[in-house]
Amino acid sequence: MKQDIILAGVGGQGILSIAFVIDNAALREGLTFKQAEVHGMAQRGGAVQSHLRLSNDKIFSDLIPRGEADMILSVEPMESLRYFDYLSPEGIVVTSSSPFVNIPDYPDMDKVLSQIKTVKKRVIVDSQKIAQEAGSARAQNMVMLGAASAHLILKKENLLEYIRVLFAPRGEKLVEINLKAFELGRKAAADKLRPSDKG
Amino acid sequence: MKDEILLGDEAVALGAIHAGLSGAYSYPGTPASEIMEFLIRRSDGGKNFIASWSVNEKVAYEEALGVSFAGKRAMVSMKHVGLNVAADPFMNSAITGANGGLVVVVADDPSMHSSQNEQDSRFYAQFAQVFCFEPSNHQEAYDMTREAFDVSEELGIPVMVRLVTRLSHSRSRVQPGPPRKQNTLQYGIGKDWTLLPVNARRRFKILTEKQKELVGLADKSGFNSLELNKKNTSLGIIASGVAFNYVLENYKDQPELPSMLKISTYPLPETLVAGLVRHVERVLVVEEGYPFIEKNLRGILGLPGKTVLGKLDGHLPLTGELSPEIVRQALGMKPREKLQLDDFKLAGRPPQLCAGCPHADAYKALNKALEAYPQSNVFSDIGCYTLGALPPYNAINSCVCMGASIGMAKGGAEAGVYPSVAVIGDSTFAHSGLTPLLSAAEANTNMTVVILDNSIVAMTGGQPTFASGEGLVRMVGGLGVKRDHIRVIEPLPKNLEKNIQAFKEEFEYRGLSVVIASRECVQEVRKKKRSEIG
Ligand code: SF4
């Protein structure tokens, strides 16, 4: 059993928080994991990504080989495409549909979405709207984690536990908002899944 | 001890703590900063051991060397180019030798994710003739750092641990061992540490005589391993560090491995290398960084009767970091099937200054003020503000190494550049800007130095600075810059006109002037607010 995940987004969107929750849940479930991340210059509003590998066996490379990712989990739609060649032909894309536009030449949204839709298995949710509904626009990362959760090889309860651990230092209110963001994201993904993908 | 989830950097730090570390020093630099951040968190405010940021890597190295002189265990960590700054004490500490264990951790950055070059620190280890470990995973990062302290004390020399970005910034589980006690105070021998020629010659001889012992240690090290495939004599692989992982990744669904030598220490384990080479016809060398092992292996004359494959014959690329796919190709395996974008064109998303960043306002004013001077040049330096090279600012024309802006602006001015402007951050100024400014003040060179004082080391995540606010103004004055030409401005949109005027006045002054643009990094302001609420 293994799951290789590319986490994608823009610096500041909190993809390392997603990684924290998944890493710890994996450790709790006795899995091996490696998670390569980006620090330093690229974090300043640039494209950021993290390679997250889970397995019940040994993991060698810190980087996922191109063509082997089981999932691209992206907090930003165009960023989900930046790592397209990492996805295995059987892989799933779980992405937000809310663009983060901080560049002058952001491509046409219809084109972005139609490219995403060339992937057979995909979950596209409006993370911005859902995060606001949960109580904070900053919780988009947890919305996306929720949207991906049914497709992760990890138990939901363990993910929830580490969302609590992550946000507890910043107060009960933030814990509640992020748990809600997760639940709403999970629900939105279940509603969105095309019938053929169910079951 | 409980298992921990750690970055490669943090695994090194924990290994050092458990090896009985007494003092650790560093200057922030990607990808090494997280070593010191972890140490500071675990030092309990210095009660457990000293963990401190230094003003630059050279000073950090010397502080660590002092701890080692006193018989205690010391670690100094930095990014690869930091070792250029610390090269003087590093090279000479190989001659003085170490008293308490002295470990120098250097994190290389192949592909230059956050650097100006991709120099390979293994050459430094060879240059100084010291022992070097290169871990390939987190557990090894922990274990090798522990062992590095033992080797340092056993051989009486500093020992290097070489990391690369992919390990430094990757997270995984580490199983720690039991911690051991720190050393007690025991001074070094004065005449070993006083490198007068008479002492240095004797010490250098001792160092060169130790080299055989170093190779012997490499041959015996449990971290190097040679596995011969008796049935297959056509190909053998020598791999080190994270490159070793990429080889195994590609063999994970193969029934058997070719003969493999994993190298984790330098100097090279000569007996093991010979063992592999004798067994096979072709040797593929896979290593992250420069072709260090490969060059050693080929020498000038090559290996008679054998074929060596690697970076030097184009089998693997000479620049940039490796990846599982690149190594797969070098192994002659079929590429994996992967998805491709249709005719969709991705837009690049380069890093940029944060919204509201003080540097943006400083650049806006500077650009405006310079409009009247088409012959001007702005020399710059290393920090978030280097992003001023990109649109929409296009404000700077150089970034070479820490502190270079000031020396280059002086040289430029002396060659006829006017206005010759240097732009440098507060922390880079403390690191390497004081001495060139002293030089420029002495000559009263016709140039303008702009110090962007955001009161923090921002690029690497917010470490403390040594030269900010009032202290910075006093420092600049103390170096001999005339008081009337030290101007402090506040880079804010509402001050734009005032600031343009201030710059213009200083360009018009025919001598050295310093403009300090002082406003806190917005990320820091945000962090402080958050911690006040929390
Ligand atoms: S981190 Fe601070 S100094 Fe760096 S770009 Fe952002 S606001 Fe500016």
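Just so we're clear, the structure is a prediction, and the values are computed from it rather than from any experiment.

Colleague: Any chance you could explain the overall build of chain A here in plain terms?
Modeller: Of regular secondary structure, chain A possesses seven helices and six strands. Starting at the N terminus, the α and β elements of chain A follow one another as β-α-β-β-β-α-β-α-β-α-α-α-α. The globule rule puts the C-alpha radius of gyration for 199 residues at 16 Å, and the 16 Å found for chain A is close to it. Its C-alpha atoms give chain A principal-axis dimensions of about 45 × 40 × 40 Å. Of the roughly 7700 Å² that chain A leaves accessible, carbon and sulfur atoms contribute 52%.

Colleague: Would you take a moment to explain helix α5 (residues 140-149) of chain A for this structure?
Modeller: Because each turn of an α-helix spans 3.6 residues, side chains separated by three or four positions in sequence point in the same direction. In terms of residue burial, α5 of chain A counts as a mostly covered element, since ten of its ten residues are buried. Buried residues of α5 of chain A: Gln-140, Asn-141, Met-142, Val-143, Met-144, Leu-145, Gly-146, Ala-147, Ala-148 and Ser-149 of chain A, and no others.

Colleague: Before we go on, may I ask you to explain the site of the ligand in this structure?
Modeller: Of all residues adjacent to the ligand, which total eleven residues, the nearest are Cys-354, Cys-357, Cys-384, Cys-521 and Val-522 of chain B. Chains contributing residues to the immediate surroundings of the ligand are chains A and B. When grouped by side-chain class, the residues that make up the shell around the ligand number seven nonpolar, three polar and one charged.

Colleague: Just checking my understanding: could you explain unusual backbone geometry for this structure?
Modeller: All names here are of chain B. Here the bond from Thr-30 into Pro-31 is cis, since omega is 10°, no more than 30 degrees from zero. With respect to the helices and strands, the residue Pro-31 is situated in the loop between β2 (21-26) and α2 (33-42). For the bond running from Pro-391 to Pro-392, omega is 5°, close enough to zero to count as cis. With respect to the helices and strands, Pro-392 occurs in the loop between β15 (377-379) and α16 (404-415). Phi angles above zero are rare outside glycine, and Ser-111 is one such case at about 80°. Checked against the element boundaries, Ser-111 lands in the loop between β5 (102-108) and α6 (122-128). Taking relative accessible area as the criterion, Ser-111 reaches 31% and is therefore assigned partly exposed. Positive phi values are uncommon outside glycine, yet Asn-394 reaches one of about 45°.

Colleague: Is there a simple way to think about helix α7 (residues 138-155) of chain B in this case?
Modeller: All names here are of chain B. Over its 18 residues, α7 runs 25 Å from end to end, which matches the ideal 26 Å to within 8%, given 1.5 Å per residue. With a side-chain oxygen positioned 3.3 Å from the backbone nitrogen of Gln-139, the residue opening α7 is Asn-137. With its phi angle positive at about 70°, Gly-156 sits one or two positions after the end of α7.

Colleague: Please clarify how the packing of helix α6 (residues 156-167) of chain A against helix α7 (residues 172-192) of chain A should be interpreted in this entry.
Modeller: Each pair of packed helices can be summarised by the angle the axes make with each other and by the distance between the axes. Residue and element names in this part refer to chain A. In contact at an axis separation of 8 Å, α6 and α7 are set at 150° when each is read in the N-to-C sense. Taken as axis vectors, α6 and α7 run roughly antiparallel relative to one another. In this structure, α6 meets α7 at a crossing whose hand is right-handed. Across the interface between the two elements, Lys-156, Leu-159, Leu-160, Ile-163, Arg-164 and Phe-167 of α6 pack against Leu-174, Val-175, Asn-178, Leu-179, Phe-182, Glu-183 and Arg-186 of α7. Here the contact of α6 with α7 is built from residues that sort into eight nonpolar, one polar and four charged.

Colleague: What's the story with the domain arrangement of chain B in this structure? I'm lost.
Modeller: Interface size is commonly expressed as the accessible surface area that is lost when the partners come together. Along its sequence, chain B is carved into domain 1 (4-209), domain 2 (225-330) and domain 3 (358-525). One C-alpha centre belongs to domain 2 of chain B, the other to domain 3 of chain B; they are set 48 Å apart.

Colleague: How do you make sense of the sheet that holds strand β6 (residues 131-133) of chain B when you look at a structure like this?
Modeller: Through backbone hydrogen bonds, the strands of a sheet pair up, either in parallel or in antiparallel fashion. All names here are of chain B. Strands sit in the order β3-β2-β4-β5-β7-β6-β12 across an open sheet of seven strands; the sheet is mixed. The sheet terminates laterally at β3 (50-53) and β12 (265-266), the two strands that pair on one side only. When β2 meets β3, the two strands line up parallel, connected through four bridges. Opposite Gly-23, over in β3, you have Ile-50 as the bridge partner.

Colleague: Looking at this model, I keep getting lost on a positive patch on the surface. Mind explaining?
Modeller: Together, Arg-138 and Arg-170 of chain A together with Arg-526, Lys-529 and Arg-530 of chain B line one region of the surface with positive charge. Relative to the helices and strands, Arg-530 of chain B resides in helix α21 (residues 522-533).

Colleague: Help me out: how do you make sense of the state of the cysteines in this one?
Modeller: In a disulfide, the sulfur atoms of two cysteines are covalently bonded to one another. All names here are of chain B. Here the structure, examined in full by the defined rule, presents zero disulfides over all chains. We note that Cys-399 lacks a disulfide partner, and the nearest cysteine sulfur, in Cys-401, lies 8.6 Å from it. Owing to a relative accessible area of 31%, Cys-399 belongs among the partly exposed residues under this scheme.

Colleague: Teacher, can you tell me more about the confidence of the model for chain A here?
Modeller: Regions with low pLDDT carry predicted coordinates that are not meant to be interpreted in detail. Mean pLDDT over chain A: 93, with 94% of residues reaching 70 or higher. Below a pLDDT of 50 lies the segment residues 195-199 of chain A, which in the model reaches four contacts outside its immediate sequence neighbourhood of four places, other chains included.

Colleague: Would you take a moment to explain the pairing of strand β10 (residues 235-240) of chain B for this structure?
Modeller: Residue and element names in this part refer to chain B. Of all the six residues making up β10, six are buried; the element is thus mostly covered by neighbouring parts of the structure. Residues Leu-235, Ile-237 and Ala-239 of β10 are buried on one face, and the alternating residues Gly-236, Ile-238 and Ser-240, pointing to the opposite face, are buried as well. Bridge analysis of β10 against strand β13 (residues 282-286) gives five bridges, and the strand direction is parallel. Bridge pairing links Ile-238 to Val-285 in β13. Bridge analysis of β10 against strand β11 (residues 259-263) gives five bridges, and the strand direction is parallel. In the sheet register, Ile-237 faces β11, and the bridge partner there is Met-260.

Colleague: Please clarify how the sheet that holds strand β19 (residues 512-518) of chain B should be interpreted in this entry.
Modeller: Residue and element names in this part refer to chain B. Ordered in space as β15-β16-β17-β19-β18, the five strands form an open sheet in which the pairing is parallel. Each having just a single partner strand, β15 and β18 (486-489) make up the two edges of the open sheet. Strand after strand, the sheet turns through a mean of 20° between neighbouring axes, direction not considered. Two elements, β18 and β19, share four bridges in a ladder whose sense is parallel. Residue Ile-489 lies in a different strand from β19, and its bridge partner there is Ala-517.

Rules and cut-offs
Residues numbered from 1 in each chain as written. Chains lettered and ligands numbered in written order. Predicted model: local features only at pLDDT ≥ 70, side-chain atom pairs only at ≥ 80, totals over all residues. Heavy atoms only, no water. Helix = DSSP H or I, 4+ residues; strand = E, 2+ residues; numbered from the N terminus. Rg over C-alpha atoms; globule rule 2.2 N^0.38 Å. Areas by Shrake-Rupley, 256 points an atom, 1.4 Å probe, with all protein chains shown as cover. Buried < 20%, exposed > 50% of the residue type's maximum accessible area, 1.4 Å probe, protein only. Near = heavy atom within 4 Å. Nonpolar A, V, L, I, M, F, W, Y, C, P; charged D, E, K, R; others polar. Expected span 1.5 Å × (residues − 1). Polar contact = N/O pair within 3.5 Å; in protein donor to acceptor, adjacent residues only side chain to side chain. Axes fitted to C-alpha atoms, helices over the stretch in contact; angles between N-to-C directions. Parallel < 35°, antiparallel > 145°, perpendicular 65-115°, else oblique. Left-handed = near helix turned anticlockwise from the far one by under 90°. Contact = heavy atoms within 4.5 Å. Domains from an automatic or database assignment. Pairing = 2+ DSSP bridges. Patch = residues over 30% accessible without salt bridge, like charges linked within 9 Å, V, L, I, M, F, W, Y side chains within 5 Å. Salt bridge = Lys/Arg side-chain N within 4 Å of Asp/Glu carboxyl O. Lys, Arg positive; Asp, Glu negative; His and termini not counted. Charge placed at Lys NZ, Arg CZ, Asp CG, Glu CD. Disulfide = S-S within 2.5 Å. pLDDT = per-residue confidence, 0-100.

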